[in-house]
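Summary of structural features
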Amino acid sequence: MASITSRPFGVTHTGDAVTEYTLSNQGGLSVSVLDFGCVIRSIVVPAKNGPVDVVLGYDTLESYEKDTSWFGAFVGRYANRIEKAEFTLGGKTYPLEKNDGNNHLHGCFGKKVFHVKTFGDSLLMEAESPDGEDGFPGNMKISVRYTLTPDNAFRMEYRASSDADTLVNLTNHSYFNLDGEGDVKEQKLRLYCSHFLEGNSETCPTGRILPVAGTPMDFTAGKKIGQDLDSKDTQLVQAGNGYDHCYVIDRARGASQSICAWASSDKTGISMKIYTTQPGVQLYSGNFVGTNTLPGKKGAKNVKYGGFALETQHYPCSPSHPEFPSTVLYADKVFRATTTLRFFTGKQCGRL
């Protein structure tokens, strides 16, 4: 069973005290999270040459408050984009904040302070989102449970309910670097996804779901993340010379969670597999991480392609595409989603 320790991490500009909680197991894996935005601040993995922190983040609460890269954050009410920053539900159109060009992106959950309860090897974080917050209808109750297991799995469970019909799409926005430093172009990635959502010039889906075969979007056999970054493929160029695309997960029949990704570093010997109940996973290759001028942990400078995100979620812009899996949460229903990160070192996971 994991142990849990805590320490003060600062006070928000509005006067809320923030605490950092660290879950540690007997194998040496530890995960540190904040009650501010349910942020995953660090994941320290024991490796052949010593422990490696495999996620990007900051050393101060002030940086997390200023952050616009969503390092480690739990995001919603609607993870990813809603094009034109509006949606229609029940015959009514709801305008949203245009915080990503003409579109709405992610929302405010990554800046909320959550109430925390500890249960042995897990943390339960809870918050409420009042009717009209971020422009969405319904008073919403949210819970996030983080659990660390003895076999080096870190599980994220989300639950949401509302007293009125609304939309919901939740994910975690951690940036991974299995080397612990530098860029991620030499790290390898396999996606268990044979199709992806074609994006437009604003990184919103066009509605076309295309096969990855024969394109730079193909990670089905595993390859270095940087292998095709310079291919001049239109999909990569318009996303900022990299990946910022939602992939359709090839779901295992009857599985409660399906594997969607496998990443590894030859340098550290660390591998990570991701399993989820969600229908999609957004691959972001850190195309604009280098524009983030906030100092990283231990004063590290952020660099282009300095981390990759694998955001398990429903598809972006789903309100504009009724053919996509629905993101409507009805007043008498509960939204649930689970994603599990499993870490391996050396030969435990095989070779990618």
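Figured I'd write up the structure that's included with this text. All values reported here derive from a predicted model rather than from experimental measurement.

About the thresholds
- Residues numbered from 1 in each chain as written.
- Predicted model: local features only at pLDDT ≥ 70, side-chain atom pairs only at ≥ 80, totals over all residues.
- Heavy atoms only, no water.
- Helix = DSSP H or I, 4+ residues; strand = E, 2+ residues; numbered from the N terminus.
- Buried < 20%, exposed > 50% of the residue type's maximum accessible area, 1.4 Å probe, protein only.
- Contact = heavy atoms within 4.5 Å.
- Salt bridge = Lys/Arg side-chain N within 4 Å of Asp/Glu carboxyl O.
- 1 Å grid on protein atoms, 1.4 Å probe; cavity = no way out; pocket = protein on both sides within 12 Å on 5 of 7 lines; lining within 4 Å.
- Points joined across faces, edges and corners; volume = space filled by probe spheres on them.
- Nonpolar A, V, L, I, M, F, W, Y, C, P; charged D, E, K, R; others polar.
- Core = buried A, V, L, I, M, F, W, Y, C linked by side-chain atoms within 4.5 Å.
- Pairing = 2+ DSSP bridges.
- Polar contact = N/O pair within 3.5 Å; in protein donor to acceptor, adjacent residues only side chain to side chain.

Before going further, it helps to spend a moment on the environment of Asn103. Relative to the helices and strands, Asn103 is located in the loop between β9 (92-95) and β10 (104-106). Residue classification places Asn103 among the buried residues on the basis of a relative accessible area of 1%. C-alpha of Asn103 to C-alpha of Cys204: the two residues are 101 residues apart in sequence and 8.8 Å apart in space. The residues contacting Asn103, other than those within four sequence positions of it, are Ile82, Glu83, Lys84, Ala85, Glu97, Lys98, Glu202 and Cys204.

Now for the pattern of salt bridges. One pass over the full model with this rule turns up 16 salt bridges. Measuring nitrogen to oxygen at the nearest pair gives 3.2 Å for the salt bridge that ties Glu133 to Lys112. Of this pair, Glu133 sits in the loop between β12 (122-129) and β13 (140-148) while Lys112 sits in the loop between β10 and β11 (115-119), and the two are 21 residues apart along the sequence. An identical accessibility class is assigned to Glu133 and Lys112; each is buried. Of the charged contacts, one joins Arg208 and Glu198 as a salt bridge, the two residues approaching to 3.2 Å between their closest N and O atoms. Taken together, the residues span a long stretch of sequence, with Arg208 in strand β20 (residues 205-211) and Glu198 in strand β19 (residues 195-199) at a distance of ten residues. In the salt-bridge network here, residues are joined through shared partners; they are Arg7, Glu20, Arg41 and Asp59.

In this structure, the largest pocket spans a volume of roughly 680 Å³. Asp53, Gly180, Glu181, Lys297 and Ala300 are, among the 27 residues lining the largest pocket, the residues nearest its centre. Looking at the lining of the largest pocket, its residues break down into nine nonpolar, ten polar and eight charged. Counted as a void, the second largest pocket has a volume near 510 Å³.

Turning our eyes to something else, we now look at the nonpolar core. Ranked by internal contacts, the top residues of the largest apolar core, which has 65 residues, are Ile43, Phe74, Tyr146, Tyr247 and Leu310. With five residues, the top contributor of residues to this core is β13. In this structure, Val39, Tyr64, Leu105 and Tyr284 belong to the second largest nonpolar core, which totals 20 residues.

A cis amide bond links Gly76 with the next residue in sequence, Arg77, at an omega value of 15°. Here Arg77 is to be found in the loop between β6 (74-75) and β7 (78-82). In this structure, Cys38 takes a positive phi of about 50° despite not being glycine. Positionally, Cys38 belongs in the loop between β3 (30-34) and β4 (40-45). Look at Asn80: it is not a glycine, yet its phi comes out positive at around 75°. Residue Asn80 is classed as buried on the basis of its relative accessible area of 2%.

This part takes up the sheet that holds strand β24 (residues 270-276). Across the sheet, which stays open at both edges, the nine strands sit in the order β11-β12-β13-β14-β28-β24-β23-β18-β21 with antiparallel pairing between neighbours. In this open sheet, the two strands that pair with only one neighbour each are β11 and β21 (223-224). As paired strands, β24 and strand β28 (residues 334-345) are joined by seven bridges and run antiparallel to one another. Each residue of the ladder has a partner; that of Met272, found in β28, is Phe343.

Below, the discussion takes up the side chain of Lys188. Positionally, Lys188 belongs in strand β18 (residues 188-191). By relative accessible area, which is 19% here, Lys188 ends up buried. A distance of 3.2 Å separates the side chain of Lys188 from the side chain of Asp266, its partner in a polar contact. Discounting chain neighbours no more than four positions away, the residues touching Lys188 are Lys223, Lys224, Trp262, Ala263, Ser264, Asp266 and Leu352.

Below, the discussion takes up the sheet that holds strand β5 (residues 52-53). Strand pairing in a sheet relies on backbone hydrogen bonds, with the paired strands running either antiparallel or parallel. Sheet architecture is open: five strands sit in the order β1-β2-β3-β4-β5, paired in antiparallel fashion. Edge positions in the open sheet fall to β1 (3-11) and β5, since each of these has one partner strand only. Of the strand pairs in this sheet, β1 and strand β2 (residues 17-24) are connected by eight bridges, and their pairing is antiparallel. Directly across from Val11, in β2, lies its bridge partner Ala17.

So far we have only geometry, and geometry alone does not tell us how the molecule works.
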